[in-house]
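Here is what each chain is made of, one letter per residue.
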Amino acid sequence: MPRSLATLLTLTFIFTLFRWDSRKQGEVSGSLWLPVLWLAITGSRSVSQWINLGSGGSDDGSLIDTLYFATLIIAGMNVLTRRQIFFSEIMRKNLWLTAFLMYGFLAILWSDFPFIAFKRWIKTVGHPIIALIILTDPNPTNALRTVMKRCAYLMIPLSILFIKYYPEYGRAFSFYTGEAYNQGITTQKNSLGTLCMMFFIFFFWNLLTTRRLEDRRVRREEYLLSIGFLGMIGWLLYMADSSTSLATLVIGVVTMCVLGMRIVSKRFIGTYVIIAVLVAIGAELSFDIYAKVLDFLGEDPTLTDRTEIWAACTALVNNPIFGMGFESFWLGPRVAVIWQTWQGINQAHSGYIETYLNLGIVGIFLLCGVLFSTFRKISSDLLRDFDFARLRLGYLFAIIFFNYSEATFKAIHPLWTVFYIIAIHYRRPIQSRSEKLPNGVNRSNISMMSQRIR
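1. Regarding the overall build of the protein chain
Phase 1 of the analysis: A tally of helices and strands in the protein chain yields 21 helices and 2 strands.
Phase 2 of the analysis: Overall, the protein chain is about 60 × 55 × 50 Å in size when its C-alpha atoms are taken along their principal axes.
Phase 3 of the analysis: Scored against the burial criterion, the 454 residues of the protein chain give a buried share of 54%.
Phase 4 of the analysis: Restricting the contact set of the protein chain to residue pairs at least 6 apart, pairs at least 24 apart contribute 75%.
Phase 5 of the analysis: Summed over its atoms, the accessible surface of the protein chain is roughly 20700 Å², and 66% of this surface lies on carbon and sulfur atoms.
Phase 6 of the analysis: A gap of 11 Å separates the mean positions of the 43 positive and 29 negative side-chain charges of the protein chain.

Here it is in structure tokens:
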């Protein structure tokens, strides 16, 4: 098929999805386009790279990228202000997250590049702002569905188009081995794998919750949508060949399935997790499960040199207690030392090592506190809002394991935004069964409420 025709069909498909979705959703808050615009760029390429298709500047050097994120952050703050959000109350109910962000701000003081660190911290603040736009919506669950679907409508079909018909943009070659890989609309295969993991978990959850729809036509359409996108995402994941994304995707899906079992008590999730950890430790000591899993995933014991990278990076940290400053390790002479062996890398390929490099042991302690408090909040919400809490816990476990070999606890990353969505505790209105359903059911009251907060 000529790529001009493939492009036309893809754009027509995307336009049809948006038209179909707009009729099903009814009136939703226009502010939900802000999270869509945020995730669409953080999950693909920067604005400057889209303008030049790969030859744009970095996030820190491009004025257009700075203006783009600044505009979204300012617009997001305006939305939250008009909704009369009490930020002091949000900070009080999310003490670990607040402490982590404030410590990151303090870490600017001992950075060798404080101006760049400050700009990166401002972008990090954009994550909770974008998350709160979703969480403060009259129907947060439906708002999240709307945002994730709109992002998927754009990013999944375009990634397929890029790989199949625009290989000069959708494919690349490894700097180290010269091996070809697929990247879609992102900048590397692991980034494409991240999108696949993120959207697969969402559409699998959407498939699970669709069965409660009373309208058969709407239920059938939702099934077709979810199954269709799961198929496309599965193909993209195969093309990306990202073992980390595949493994964490399975973890997220299995978590949601287990939570749906009747024999699993929602009151004892913490106990189940402790038992699972003890079983995993016992299996590792008895059968060397870790090595077998790596072999199954096609990974070597060094995780493609990751363990060596971790050792080299941690050896360059002069201040192990407080780190090298917020998002500052990969600046200055340290990069030249690392690039002597691994040319071009800009992350430690582990969210926990990355946090240690920039924020030290204190940062690791605060991050662990954030993860633990998030788990506790989600566990308690399983009894109040099961469907949304089920998705949150699936994402949480996936993100925790994903950051073992990839770094997403960074200034700009789509999974960092997703984490804030699942981690922030906001006193959301208790939803009726109809409000929890995916689309187009009893939405007149929701539409009236959304108009009042725009």
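From this point, the narrative continues.
2. Some details on the pattern of salt bridges
Phase 1 of the analysis: Under the definition given, this model contains 9 salt bridges.
Phase 2 of the analysis: The salt bridge partner of Arg334 is Asp112, with a shortest N-O separation of 3.5 Å. Placement of the pair is Arg334 in helix α16 (residues 333-339) and Asp112 in the loop between α6 (95-106) and α7 (114-135), with a sequence separation of 222 residues.
Phase 3 of the analysis: A salt bridge links Arg392 to Asp381; the nearest nitrogen and oxygen atoms lie 2.8 Å apart. Of this pair, Arg392 sits in helix α18 (residues 386-405) while Asp381 sits in helix α17 (residues 351-381), and the two are 11 residues apart along the sequence.
Phase 4 of the analysis: Since its relative accessible area comes to 5%, Arg392 is described here as buried.
Phase 5 of the analysis: Overall, the relative accessible area of 13% leaves Asp381 in the buried class.
Phase 6 of the analysis: Where salt bridges share partners, they join Glu89, Arg92 and Lys93 into one cluster.

3. Observations concerning the confidence of the model for the protein chain
Phase 1 of the analysis: With 91% of its residues at a pLDDT of 70 or more, the protein chain shows a mean pLDDT of 87.
Phase 2 of the analysis: Across residues 429-454, confidence stays below pLDDT 50; counting only partners more than four residues off in sequence or on other chains, it has 59 contacts.

4. So, the packing of aromatic side chains
Phase 1 of the analysis: Per the counting criterion, the structure on display carries 25 aromatic pairs.
Phase 2 of the analysis: Centroid distance Tyr68 to Phe69: 5.7 Å. Interplanar angle 85 degrees. Geometry classified as edge-to-face.
Phase 3 of the analysis: Ring pairs connect the aromatic residues Phe18, Trp33, Tyr153, Phe202, Phe203, Trp205 and Phe229, which therefore count as one cluster.
Phase 4 of the analysis: Over the ring of Trp33 we find Arg150, and its NZ or CZ is 4.1 Å from the ring centre.

5. A short note on α18
Phase 1 of the analysis: Taking 1.5 Å per residue, 20 residues should reach 28 Å; α18 reaches 30 Å between its end C-alpha atoms and fits that length.
Phase 2 of the analysis: Among the 20 residues of α18, 17 are classified as buried, and the element is accordingly described as predominantly covered.

6. Structural notes on the nonpolar core
Phase 1 of the analysis: Ranked by size, the top nonpolar core spans 106 residues in total, and within it Ile156, Phe199, Phe203, Phe229, Leu393, Tyr395 and Phe419 carry the most contacts.
Phase 2 of the analysis: The element contributing the most residues to this core is helix α10 (residues 189-210), with 13 residues.
Phase 3 of the analysis: Non-local contacts of Leu393, meaning those with residues more than four positions away in its chain, are made with Thr255, Leu259, Ile269, Phe375, Ile378 and Leu382.
Phase 4 of the analysis: In terms of nonpolar packing, the next biggest core, distinct from the first, is built from 17 residues, Cys313, Trp330, Trp342 and Ile353 among them.

7. Notes on a nonpolar patch on the surface
Phase 1 of the analysis: A cluster of nonpolar side chains, contributed by Phe105, Leu106, Leu109, Trp110, Phe118, Ile122, Ile321, Phe322 and Ile361, occupies part of the molecular surface with about 810 Å² of accessible area.
Phase 2 of the analysis: Tracing the backbone shows Ile361 in helix α17.

8. A few points about the environment of Arg376
Phase 1 of the analysis: By the element assignment, Arg376 lies in helix α17.
Phase 2 of the analysis: A relative accessible area of 57% means that Arg376 is categorised as exposed.
Phase 3 of the analysis: Along the backbone, Arg376 and Gly270 are 106 residues apart, and their C-alpha atoms lie at a distance of 8.1 Å.

9. Some points on the environment of Phe402
Phase 1 of the analysis: With respect to the secondary-structure elements, Phe402 resides in helix α18.
Phase 2 of the analysis: Linking Phe402 and Asn358, residues 44 residues apart in sequence, is a C-alpha distance of 19 Å.
Phase 3 of the analysis: Those residues in contact with Phe402 that lie beyond four places of it in its chain are Thr194, Met197, Thr244, Ser245, Thr248, Thr408 and Leu415.

10. With respect to the environment of Phe375
Phase 1 of the analysis: On the secondary structure map, Phe375 appears in helix α17.
Phase 2 of the analysis: On the accessibility criterion, Phe375 (13% relative accessible area) is buried.
Phase 3 of the analysis: If sequence neighbours within four positions are ignored, Phe375 has contacts with Ile269, Gly270, Val273, Leu393, Leu396 and Phe397.

Thresholds applied
Residues numbered from 1 in each chain as written. Predicted model: local features only at pLDDT ≥ 70, side-chain atom pairs only at ≥ 80, totals over all residues. Heavy atoms only, no water. Helix = DSSP H or I, 4+ residues; strand = E, 2+ residues; numbered from the N terminus. Buried < 20%, exposed > 50% of the residue type's maximum accessible area, 1.4 Å probe, protein only. Contact = heavy atoms within 4.5 Å. Areas by Shrake-Rupley, 256 points an atom, 1.4 Å probe, with all protein chains shown as cover. Lys, Arg positive; Asp, Glu negative; His and termini not counted. Charge placed at Lys NZ, Arg CZ, Asp CG, Glu CD. Salt bridge = Lys/Arg side-chain N within 4 Å of Asp/Glu carboxyl O. pLDDT = per-residue confidence, 0-100. Phe/Tyr/Trp six-rings, centres within 6.5 Å; stacked < 30°, edge-to-face > 60°. Lys NZ or Arg CZ within 6 Å of the ring centre and 35° of its normal. Expected span 1.5 Å × (residues − 1). Core = buried A, V, L, I, M, F, W, Y, C linked by side-chain atoms within 4.5 Å. Patch = residues over 30% accessible without salt bridge, like charges linked within 9 Å, V, L, I, M, F, W, Y side chains within 5 Å.

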